[in-house]
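Overview (structure and organization)
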Amino acid sequence: MRLEAIEWMAIGDKASAGGRFSDAINAYEKAINIEPDNYQAWNNMGISLGQIMNYEEALEAFEKAKHIKPDSHGVWNNIGFVLNKLNKKEEALKAVNKALEFNDKDPYILDTKAVILMDMGDVDEAQKCIRKAVVTLSPNSSYKNEILEHQKKILKAIAERDKKKAEEEKKDV
């Protein structure tokens, strides 16, 4: 990687960490202009675009990253995340399953799959995925709170479903 691209990536990463996503996008674009085949710059730009809810452009950035590095589980996971946001649930699930082919123990990928499954209404499978995510989660992970919050939502959805079933069974008796 050329030094200028590394510098722009660092500027982008710092801006992104500070919540300055437009600045991050600009920095990643400069890194890409220097090194068009820098999959990490494309991936990071996609993440920043996703943070400002520009999901269509985020998907384009992730697709470019995927063509450069087709075995990146992180890129495949990000594609799944964005497709889910674009309400393309089946495609999202396929992308996340592809990410799991490369790394089936990554708690963030398992979490993404759990969220997609929950959004699709399959709370039982979502619960299985989130359990795997929690088990593989490092205690000091920056995603810990987010994953545990998703676990709560899934458990709540299961409880609501079971309560509704019990009420319907009472009516039938």
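The structure this text deals with has already been given above.
Nothing here was measured: the structure is a model prediction, and the numbers come from that model.

1. Some points on the overall build of the chain
- Helix and strand counts for the chain stand at nine helices and zero strands.
- Its helices and strands taken in sequence order, the chain reads α-α-α-α-α-α-α-α-α from the N to the C terminus.
- When the backbone C-alpha atoms are referred to their principal axes, the chain occupies close to 70 × 30 × 30 Å.
- Across the 173 residues of the chain, 40% fall into the buried class.
- Of the contacts formed within the chain by residues at least 6 apart in sequence, a portion of 47% connects residues at least 24 apart.
- For the chain, the distance from the average site of its 27 positive side-chain charges to the average site of its 30 negative ones is 4 Å.

2. A closer look at the pattern of salt bridges
- On inspection of all chains with the given rule, the structure shows 11 salt bridges.
- A salt bridge links Lys105 to Asp104, with the shortest nitrogen-to-oxygen separation between them at 3.6 Å.
- Of the residues examined, Lys105 reaches a relative accessible area of 57% and is grouped as exposed.
- Lys128 is the partner of Glu125 in a salt bridge, and the nearest nitrogen-oxygen pair spans 3.0 Å.

3. Digging into the environment of Lys64
- For Lys64, the location among the structural elements is in helix H4 (residues 55-68).
- The exposure class of Lys64 is partly exposed, given its relative accessible area of 40%.
- For the pair formed by Lys64 and Val134, sequence separation is 70 residues and the distance between their alpha carbons is 31 Å.

4. A few points about the packing of helix H3 (residues 39-51) against H4
- Axis separation between H3 and H4 bottoms out at 8 Å; the angle between their running directions is 165 degrees. Taken together, H3 and H4 sit at an angle that is classed as roughly antiparallel. The handedness of the crossing between H3 and H4 is left-handed. On H4, the residues that touch Tyr39, Trp42, Asn43, Gly46, Ile47, Leu49 and Gly50 of H3 are Tyr55, Glu57, Ala58, Ala61, Phe62, Lys64, Ala65 and Ile68.
- Taken together, the residues of the contact of H3 with H4 sort by class into 10 nonpolar, three polar and two charged.

5. Looking at unusual backbone geometry
- At Met53, a residue that is not glycine, the phi angle is positive and equals roughly 60 degrees.
- Summarising the element assignment, Met53 is placed in the loop between H3 and H4.
- When its relative accessible area of 62% is taken as the criterion, Met53 is described as exposed.
- With a phi close to 65 degrees, Asn87 is a non-glycine residue in the positive phi region.
- Within the fold, Asn87 resides in the loop between helix H5 (73-85) and helix H6 (89-102).
- You can call Asn87 exposed: its relative accessible area is 57%.

Rules of the game
Residues numbered from 1 in each chain as written. Predicted model: local features only at pLDDT ≥ 70, side-chain atom pairs only at ≥ 80, totals over all residues. Heavy atoms only, no water. Helix = DSSP H or I, 4+ residues; strand = E, 2+ residues; numbered from the N terminus. Buried < 20%, exposed > 50% of the residue type's maximum accessible area, 1.4 Å probe, protein only. Contact = heavy atoms within 4.5 Å. Lys, Arg positive; Asp, Glu negative; His and termini not counted. Charge placed at Lys NZ, Arg CZ, Asp CG, Glu CD. Salt bridge = Lys/Arg side-chain N within 4 Å of Asp/Glu carboxyl O. Axes fitted to C-alpha atoms, helices over the stretch in contact; angles between N-to-C directions. Parallel < 35°, antiparallel > 145°, perpendicular 65-115°, else oblique. Left-handed = near helix turned anticlockwise from the far one by under 90°. Nonpolar A, V, L, I, M, F, W, Y, C, P; charged D, E, K, R; others polar.

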